[in-house]
Amino acid sequence: MAQPLTDVEEYDQFGTPPTTQQDCDFLVDLMRRQNAGSPRLLDLACGTGRHAVEMAKRGYDVTGVDISEERLQDAQSQATKLGFTNCRFLKADLRDLRLEPSFGYAYSFFNTFSLFVDNDDLLTILGKCRSCLTEGGRIVIEVGSLWCPIADGKFHNDSYEQKHDRGTLIRTVKGTLRLARANNVYRHDRVIQYRRDGVDYPPEDAPATQRIYSINEWDLLGRLTGMRIEHVFGAMDITHEITDPNSCDGKPGDHELVLVLARQGE
Ligand SMILES: C[S@@+](CC[C@H](N)C(=O)[O-])C[C@H]1O[C@@H](n2cnc3c(N)ncnc32)[C@H](O)[C@@H]1O
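Sequence positions are assigned chain by chain, starting from 1 and proceeding in written order. Local features are withheld for residues below a pLDDT of 70 in this predicted model, meaning they are given only at 70 or higher, and side-chain atom pairs are given and counted only at 80 or more; totals for whole chains, interfaces and linings count all residues.

Peer 1: What is the right way to read the pairing of strand 7 (residues 169-179) from this model?
Peer 2: The two faces of a sheet get side chains in turn, since along a regular strand they alternate between them. Pairing between strand 6 (residues 158-166) and strand 7: nine bridges, direction antiparallel. Bridge pairing in strand 7 places Asp158 opposite Leu177. Turn length for the strand 6-strand 7 hairpin, with the two strands adjacent in sequence and antiparallel, is two residues, and the turn residue Gly167 shows positive phi of about 75 degrees. DSSP-based pairing: two strands are paired if at least 2 bridges between them are found. Each helix is a run of H or I in the DSSP string that is no shorter than four residues. Each strand is a run of E no shorter than two, and both are numbered from the N terminus. Note that strand 7 and strand 8 (residues 185-196) share 11 bridges and pair antiparallel. Within the sheet, the bridge partner assigned to Leu169 lies in strand 8 and is Arg196. What sits between the antiparallel neighbours strand 7 and strand 8 is a turn of five residues.

Peer 1: Where do I start with the domain arrangement of the protein in this structure?
Peer 2: Buried accessible area, meaning the area lost when the parts come together, often serves as the stated size of an interface. The domain boundaries assigned to the protein delineate domain 1 (7-145 + 213-263) and domain 2 (152-210). Between the C-alpha centres of domain 1 and domain 2 the distance comes to 25 Å. Note on contacts: residues are paired as contacts if their backbone-placed C-beta atoms lie within 7 Å. On the domain 2 side, the residues contacting the six residues of domain 1 number seven residues. Amino acid classes used here: Ala, Val, Leu, Ile, Met, Phe, Trp, Tyr, Cys and Pro are nonpolar; Asp, Glu, Lys and Arg are charged; the rest, including Gly, are polar. Looking at the side of domain 1 that touches domain 2 residue by residue, the classes come out as four nonpolar, two polar and no charged. Here the limits of each domain have been adopted from an automatic or database domain assignment.

Peer 1: Honestly, the nonpolar core in this entry has me stumped. Any pointers?
Peer 2: Generally speaking, nonpolar side chains in soluble globular proteins are found buried as a group. In this structure, Ala106 and Val140 are the most contacted members of the largest nonpolar core, which totals 55 residues. Non-local contacts of Ala106, meaning those with residues more than four positions away in its chain, are made with Leu42, Leu44, Cys129, Cys132, Leu133 and Ile139. Note on terminology: a nonpolar core is a set of buried residues of type Ala, Val, Leu, Ile, Met, Phe, Trp, Tyr or Cys, with members joined through C-beta atoms within 7 Å. Residue burial is a threshold on neighbouring C-beta atoms within 10 Å of the residue's own C-beta, all placed from the backbone, with 20 or more meaning buried, 12 or fewer meaning exposed, and counts in between meaning partly exposed.

Peer 1: What's the story with the sheet that holds strand 13 (residues 256-263) in this structure? I'm lost.
Peer 2: Taken in spatial order, the seven strands line up as 3-2-1-4-5-13-12 in an open sheet, and their pairing is mixed. Strands with a single pairing partner mark the edges of an open sheet, and in this sheet they are strand 3 (87-91) and strand 12 (227-233). For this sheet, the mean angle separating the axes of adjacent strands, direction not counted, is 20 degrees. Both strand 5 (residues 133-144) and strand 13 contribute to a ladder of seven bridges, which runs antiparallel. Residue Val143 lies in a different strand from strand 13, and its bridge partner there is Leu257. Lines fitted to C-alpha atoms define the axes, with helix axes restricted to the stretch in contact, and inter-axis angles between N-to-C directions lie between 0 and 180 degrees. With respect to the sheet, helix 3 (residues 50-57) is in contact with strand 1 (41-44), strand 2 (62-66) and strand 3, its orientation differing from that of strand 2 by roughly 175 degrees. This element, helix 5 (residues 119-130), spans strand 1, strand 4 (103-108), strand 5, strand 12 and strand 13 of the sheet and lies at about 140 degrees to strand 5.

Here it is in structure tokens:
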């Protein structure tokens with residue numbers, strides 16, 4: 001029996017948090033603080049284009065790239081429906097990204113870099129992204145923090161069950177989260193089941209291994225790919241800058257890492 005939702009429907013209905021406005025506010029605040037003017041923007045792994053379309057609405061020129069044709073088509077049809085000509089979408093694997101060095105800011109929101117568990121992939125991707133930047137350009141990356149939940153004593157192997165009720169469409173997720181004992185990844189095993197119009201669909205496994213990061217790791221990643229950390233934030237909020245990464249104190253609400261990497265050299 002086929003699944004009741006396409007990838008795009010699943011993604012739009014259940015896959016993204018309602019943070020698009022806040023994320024875009026953060027990016028605009030950051031660019032204002034850096035007197036960046038109105039740089040060309042590159043949305044790395046843009047999905048169905050929620051940030052790209054919003055930034056285009058705010059007047060920026062945006063290019064979104066993603067590996068998923070289906071998601072890009074959805075992004076493009078939204079932009080077209082809204083009549084935005086300052087926004088375009090290109091299919092690309094970030095590992096093979098080749099664009100002119102014409103972007104003042106590139107960004108990757110919603111923890112996409114958790115997917116790049118392999119160091120060769122990660123270094124290749126960062127190198128490719130860097131080469132799309134103008135001199136002095138920046139990459140802004142939102143990722144999960146390894147240390148924040150551990151410092152708060154909150155990261156423990158866990159099982160959960162969630163029910164998302166959308167009337168005639170119900171999604172049930174049963175999952176377990178297990179932190180790797182020797183590396184900064186966790187294993188997320190999920191079984192997802194839909195009920196649509198009273199019909200139960202067979203449960204599907206949706207496992208993932210995801211990477212969580214520390215600031216020290218990003219410092220090294222930046223140095224290896226011709227970039228340096230310029231700022232780190234603990235949330236998508238310009239008032240949440242982490243000015244001392246080695247401090248044992250945190251600000252309430254800091255729960256992730258948002259890194260601003262500046263391109264070095266030519
Ligand atoms: C967690 S989603 C985030 C999407 C978007 N940034 C957002 O906030 O809605 C991750 C996205 O990364 C894309 N992706 C995964 N691996 C990729 C790769 N190697 N190159 C380009 N896109 C990739 C997926 O297709 C997916 O749309």
